[in-house]
Amino acid sequence: MTIRTAAPGDLPSIQQICTQALNLEPDASELPATLQAALLDAGAAERRFCLVAMADDDIAGVCYGSLGRHGADQRDGHVDLLAVRPGALPRGTGRRLLA
């Protein structure tokens with residue numbers, strides 16, 4: 001399994017994983033637009049991240065989050081979304097995305 005930065009072409013697979021793995025509320029309809037903005041907006045790369053776990057040339061999981069800066073040398077961040085394809089469980093995919 002390898003972890004890499006998500007690319008715009010990954011969006012359909014990411015959406016599919018989220019639909020399969022998460023019990024999303026109806027108001028989660030903004031998820032595709034949010035992820036697309038993170039993948040396509042060059043300025044967002046400094047503030048957001050989207051990683052995918054690859055297993056056998058397929059996306060097995062996704063981790064999306066935000067980064068912040070407080071002062072010159074203090075950074076923080078948080079995970080907004082972590083989803084693993086149900087067929088990829090339990091192989092440590094989520095754990096590797098968070099490492």
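Residues numbered from 1 in each chain as written. Predicted model: local features only at pLDDT ≥ 70, side-chain atom pairs only at ≥ 80, totals over all residues. Heavy atoms only, no water.

Draft legend 1. Molecular detail of the overall build of the protein chain. When its secondary structure is counted, the protein chain shows 3 helices and 4 strands. Listed N to C, the secondary structure of the protein chain is β-α-α-β-β-β-α in terms of helices and strands. When the 99 residues of the protein chain are sorted by exposure, 33% land in the buried category. At a minimum sequence separation of 6, the contacts of the protein chain that also span at least 24 residues come to 51%. Accessible area of the protein chain: about 6,100 Å², with a carbon and sulfur share of 51%. (Helix = DSSP H or I, 4+ residues; strand = E, 2+ residues; numbered from the N terminus. Buried < 20%, exposed > 50% of the residue type's maximum accessible area, 1.4 Å probe, protein only. Contact = heavy atoms within 4.5 Å. Areas by Shrake-Rupley, 256 points an atom, 1.4 Å probe, with all protein chains shown as cover.)

Draft legend 2. Structural context of the nonpolar core. I14, C50, V52 and V62 are the most contacted members of the largest nonpolar core, which has 14 residues in total. Examining the composition of this core, we find that 4 residues originate from one element, helix α1 (residues 11-21), more than from any other. Every residue in contact with V62, bar those within four places of it in the chain, is listed here: I14, C18, C50, L51, V52, L81, L82, A83 and L97. (Core = buried A, V, L, I, M, F, W, Y, C linked by side-chain atoms within 4.5 Å.)

Draft legend 3. Focus on the confidence of the model for the protein chain. For the protein chain, per-residue confidence averages 80 on the pLDDT scale, and 77% of positions sit at 70 or higher. Confidence, expressed as mean pLDDT per element, reaches its minimum in the protein chain at helix α2 (residues 31-40) with 67 and its maximum at strand β1 (residues 2-5) with 92. (pLDDT = per-residue confidence, 0-100.)

Draft legend 4. Molecular detail of the pattern of salt bridges. With the rule as written, the count across this model stands at 1 salt bridge. A salt bridge links R4 to D10; its shortest N-O distance comes to 2.8 Å. (Salt bridge = Lys/Arg side-chain N within 4 Å of Asp/Glu carboxyl O.)

Draft legend 5. Geometry of the side chain of S66. Tracing the sequence through the fold places S66 in strand β3 (residues 58-69). Owing to a relative accessible area of 17%, S66 belongs among the buried residues under this scheme. At 3.0 Å, the side chain of S66 and the side chain of D80 are in polar contact. Not counting residues up to four positions away in its chain, the partners in contact with S66 are R47, R48, F49, D76, G77, H78 and D80. (Polar contact = N/O pair within 3.5 Å; in protein donor to acceptor, adjacent residues only side chain to side chain.)

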